[in-house]
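The lines below spell out each chain.
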Amino acid sequence: MSGELSPIDKAKYVAAKTAADLVEDGMRVGLGTGSTAAWLVRCLGEMVREDGLKIRGVPTSTRTAELAREVGIEVISLDEARWLDLTIDGADEFDAELNLIKGGGGALLQEKIVATASDQMAVIADAAKEVSALGHFPLPVEVVPFGWQTTQTLIEELLISMDVMGRKSSLRMTGQRPFITDEGNYIIDLHLGRIGDPRQMALVLNQMPGVVENGLFIDICDKVIIGYGDGRCEMR
Ligand code: 5RP
């Protein structure tokens, strides 16, 4: 499966392959979203088809659900599963405390619900995702479409009082239209540069009317599996 891969894809693949080995027969597994998580889903599909691995997967997006079905994984909803043994997902950034920024693919809401409903969350990432302070990657905030411009203004005003470098924000677009999440919401990306206190930022953002969820995952991730372009892999 890892044939002629570019170094970045090889890094994502080895992280995904290593994480797939954490999955055991009978597990209910949260399936993340994004290019790294897609490698995981393909690896698990291969294990289901070729080794007879029996798992049920709860996808975190319609994209992942489609891929999971395509590769032969039994897909169930979170309501059917109720609780999960393990969730494996990608991330846009992780720090030394294993706090994350997620949502680059726009699936942060389902991803956070699924990860929170799991005994364990493992993140799979290439080494470039490791940062000393979160915030270089724009922080996604999912907002309801109603009054989104007011919500955006209020968020920008809030940022003035917080320990961040940047205060700009932008509505995520797909071509000329707002990007719409699986839950029918918009995403406002916050260009912060550096988040001094991610825990505080996550709490404060979620108190704002109109905000559904933010992409900061604090104390949710249990381990990170880091892949390198030369095929090495490291677990933290
Ligand atoms: C999607 C996510 C992804 O996990 C994150 O964007 C990383 O994606 P990739 O593995 O493609 O770099 O949070 O909402």
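A few points on the structure. (Residues numbered from 1 in each chain as written. Predicted model: local features only at pLDDT ≥ 70, side-chain atom pairs only at ≥ 80, totals over all residues.)

## Some words on the overall build of the chain
Okay, step 1: Helix and strand counts for the chain stand at 7 helices and 16 strands.
Okay, step 2: Taken over the C-alpha trace, the chain has a radius of gyration of 18 Å; the compact-globule value for 236 residues is 18 Å, and the two agree within 12%.
Okay, step 3: Taking the principal axes of its C-alpha atoms as reference, the chain extends roughly 55 × 35 × 35 Å.
Okay, step 4: For the chain, contacts bridging at least 24 residues in sequence account for 75% of all contacts bridging at least 6. (Helix = DSSP H or I, 4+ residues; strand = E, 2+ residues; numbered from the N terminus. Rg over C-alpha atoms; globule rule 2.2 N^0.38 Å. Contact = placed C-beta atoms within 7 Å.)

## A short note on the packing of helix 2 (residues 35-51) against helix 3 (residues 62-70)
Relative placement of two packed helices is described by the angle separating their axes and the distance separating the axes.
Okay, step 1: Direction vectors running N to C along helix 2 and helix 3 enclose 25°, while the axes themselves pass 9 Å from each other. Judged on the interaxial angle alone, helix 3 and helix 2 are roughly parallel. In the packing of helix 2 onto helix 3, the handedness of the crossing is right-handed. Between helix 2 and helix 3, the residues in contact are A37, A38 and V41 and T64, L67 and A68, respectively.
Okay, step 2: Of the residues belonging to the contact of helix 2 with helix 3, the class tally is 5 nonpolar, 1 polar and no charged. (Axes fitted to C-alpha atoms, helices over the stretch in contact; angles between N-to-C directions. Parallel < 35°, antiparallel > 145°, perpendicular 65-115°, else oblique. Left-handed = near helix turned anticlockwise from the far one by under 90°. Nonpolar A, V, L, I, M, F, W, Y, C, P; charged D, E, K, R; others polar.)

## A closer look at the environment of G193
Okay, step 1: Mapped onto the secondary structure, G193 falls in the loop between strand 12 (186-191) and helix 7 (198-206).
Okay, step 2: Residue class for G193 comes out partly exposed when judged on the 14 C-beta atoms lying within 10 Å of it.
Okay, step 3: Separated by 54 residues in sequence, G193 and L139 place their C-alpha atoms 9.4 Å apart.
Okay, step 4: Aside from chain neighbours lying at most four places away, what touches G193 is G135, H136, V164, M165 and G166. (Buried ≥ 20, exposed ≤ 12 C-beta atoms within 10 Å, placed from the backbone.)

## Let's talk about helix 3
Okay, step 1: Of all the residues in helix 3, the buried ones are T64, A65, L67 and A68. Angular distribution of buried residues about the axis of helix 3 spans 170°; they occupy a single face of the element. Opposite the packed face of helix 3, turned more than 90 degrees from it, sit the exposed residues T62 and E70.
Okay, step 2: In this structure, the buried side of helix 3 is in contact with strand 1 (28-31), helix 2, strand 2 (56-59) and strand 3 (74-75).
Okay, step 3: Just downstream of helix 3, G72 is the residue with a positive phi angle, here 100°. (Arc of directions from axis to C-beta.)

## Things to note about the site of the ligand
Okay, step 1: Near the ligand, the surroundings consist of 18 residues, among which G34, T36, G90, G104 and G105 are the closest.
Okay, step 2: Broken down by element, the shell around the ligand gets its largest block of residues, 3 residues, from helix 2.
Okay, step 3: Residues belonging to the shell around the ligand are distributed by class as follows: 4 nonpolar, 10 polar and 4 charged. (Near = placed C-beta within 6 Å.)

## Topic: the sheet that holds strand 5 (residues 93-94)
Okay, step 1: Across the sheet, which stays open at both edges, the 3 strands sit in the order 5-6-14 with antiparallel pairing between neighbours. A single partner strand is all that each edge strand has here, and the edge strands are strand 5 and strand 14 (216-217).
Okay, step 2: Where strand 5 lies against strand 6 (residues 100-101), 2 bridges are found, and the strand directions are antiparallel. Bridged to E93 within strand 6 is I101. (Pairing = 2+ DSSP bridges.)

## Structural notes on the nonpolar core
Okay, step 1: Counting 59 residues, the largest nonpolar core has L40, V123 and I124 as the members making the most contacts within it.
Okay, step 2: No other element matches helix 2, which puts 8 residues into this core.
Okay, step 3: When sequence neighbours within four positions are dropped, the list of residues in contact with I124 reads A15, A16, A19, T36, L40, I88, G90 and I225. (Core = buried A, V, L, I, M, F, W, Y, C linked by C-beta atoms within 7 Å.)

## Thoughts on the packing of helix 1 (residues 7-20) against helix 2
Okay, step 1: Two elements in contact, helix 1 and helix 2, have axes whose closest approach is 8 Å; the angle formed by their N-to-C orientations is 45°. Considering their axes alone, helix 1 and helix 2 lie oblique with respect to each other. Seen along the crossing, helix 1 lies across helix 2 with a hand that is right-handed. Contacts between helix 1 and helix 2 involve K12, Y13, A15, A16, K17, A19 and A20 from the first element and S35, T36, W39, L40, C43, L44 and M47 from the second.
Okay, step 2: In the contact of helix 1 with helix 2, the residues fall into 10 nonpolar, 2 polar and 2 charged.

As far as function goes, none of this settles anything; it's purely spatial.
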